[in-house]
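# Overview (structure and organization)
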Amino acid sequence: MAETPEHSVLACIDGSIYAQSVADHAAWAAGRLSAGVRLLQVLGRRESSSSDRSGRIVAGARRQLLEQLSELDHARAKLLQSQARLDLSDAEVRLRDAGVERVDKLLRQGDLLETLQALEDETSLIVIGKRGAAADFATGHLGSNLERILRAMHRPVLIAARGYGAPSRVVIAFDGRASAINAVDEVARSALFQGLAITLVQCGTPDQASATRLAAAAEQLAGGGLKTEQRIESGPPETTLPAIVEETGTDLVVMGAYGHSRLRTLMIGSTTTQVIRDCKVPILVYR
């Protein structure tokens, strides 16, 4: 994750209860990366524009009703835009209070993923809440955009928990796959993790080959100046990792993105998704 002046932390906010936490996590990351923050709110097309009923041919009272409905749609769209600007301003104040000097506000209309892809080349890190405004209290599933973003984006994605605390203890879920190896490489080179306690965790039946890979990953992290421990657990990662987080007081989990095929994930879910659902701390996901 090479940081340059034009690369910034991109914080995605909405009207959910995660908005403040997203701003806090973005401020933490920006401070450690010496980066600015771009606050982004994207209004869906249906939210930000009035419905098109021009194809309806009506007369009399029905035409009057149609005009009233159109006026209501337009008023609602203006209110949503006004609320979005307030959300962005509140988040900006929170960031500046946390010491972030470079803050930009972006209000866009359209699809969130498409907007993120357009901004990806100017971004070092994406920060997003675990759930959106439509799923604030739905603990059984993730926000509708989150899985799409994790699958499509090539920048690391920091998934903010509902509450914020500056991370000090980090667990890296390591399974030897390409995304996990890349995560270790990114962690070893990133200023995000300097001074933090790192634990490498491998889940599954231990054998010599996996132990060798884990030791090599630990050596790479130590070469980056990080204090590192190793831990091998025999249980499945989707239950073992959340248990370790609770046991050790871990406040940030790092893991690679999806290891299963898209089809299999649609059928039975993936380890990444289950860990994100069940861990109550922020998760940083690398491709």
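My aim in this report is to walk through the structure given alongside it, one point at a time. (Residues numbered from 1 in each chain as written. Predicted model: local features only at pLDDT ≥ 70, side-chain atom pairs only at ≥ 80, totals over all residues. Heavy atoms only, no water.)

### Structural notes on the side chain of Asp87
Short version of the rule: Helix and strand definitions follow DSSP, with helices as H or I runs of at least four residues and strands as E runs of at least two, each counted in order from the N terminus. Relative accessibility decides the category of a residue: with a 1.4 Å probe and only protein chains considered, values under 20% of the type maximum give buried, values over 50% give exposed, and everything between is partly exposed. When charges are counted, neither His nor the chain ends are considered; positive counts come from Lys and Arg and negative counts from Asp and Glu. By salt bridge we mean one thing: a side-chain nitrogen of Lys or Arg within 4 Å of a carboxyl oxygen of Asp or Glu. Contact between two residues is taken to exist if any of their heavy atoms lie within 4.5 Å; hydrogens are not considered.
Mapped onto the elements of the fold, Asp87 is located in helix α3 (residues 60-97). For the buried Asp87, no salt bridge exists, and the shortest N-O distance to an oppositely charged side chain is 11 Å, to Arg85. With sequence-adjacent residues up to four places away left out, Asp87 is seen in contact with Ile13, Asp14, Gly15 and Gln41.

### Let's talk about the packing of helix α8 (residues 237-248) against helix α10 (residues 271-278)
Worth spelling out the cut-off: Note on geometry: axes are C-alpha line fits, over the in-contact stretch for helices, and angles between N-to-C directions span 0 to 180 degrees. Throughout this description, any angle smaller than 35 degrees is read as roughly parallel, any larger than 145 degrees as roughly antiparallel, any in the 65 to 115 degree range as roughly perpendicular, and the remainder as oblique. What makes a crossing left-handed is the near helix being turned counterclockwise from the far one by less than a right angle; a clockwise turn instead makes it right-handed.
Look at α8 against α10: their axes get within 9 Å of each other, and the N-to-C directions meet at 30°. By the angle class used here, α8 and α10 are roughly parallel. Two packed elements cross with a definite hand, and for α8 against α10 that hand is right-handed. Where α8 abuts α10, its residues Pro237, Glu238, Leu241 and Pro242 lie against Thr271, Gln274, Val275 and Asp278.

### Overview of the sheet that holds strand β7 (residues 197-203)
Under the convention used in this document: At least two bridges found by DSSP between two strands is the condition for calling them paired.
Taken in spatial order, the ten strands make up an open sheet running β3-β2-β1-β4-β5-β10-β9-β6-β7-β8, and their pairing is mixed. Each of the sheet's edge strands pairs with one partner strand only, and the pair in question is β3 (103-109) and β8 (227-233). For this sheet, the mean angle separating the axes of adjacent strands, direction not counted, is 20°. Direction of pairing for strand β1 (residues 8-12) relative to strand β2 (residues 37-43): parallel, over a ladder of four bridges. Bridging from a neighbouring strand, Ala11 pairs with Leu39 of β2.

### Examining the pairing of strand β5 (residues 157-160)
Because side chains alternate across β5, one face comprises the buried residues Val157 and Ile159, and the other comprises Leu158 and Ala160, equally buried. Of the strand pairs in this sheet, strand β4 (residues 123-129) and β5 are connected by four bridges, and their pairing is parallel. Along β5, the bridge assignment pairs Val127 with Leu158. With three bridges connecting them, β5 and strand β10 (residues 283-286) associate as antiparallel partners. The residue of β10 that forms the bridge with Ile159 is Ile283.

No statement about biological role is implied by the geometric values presented.
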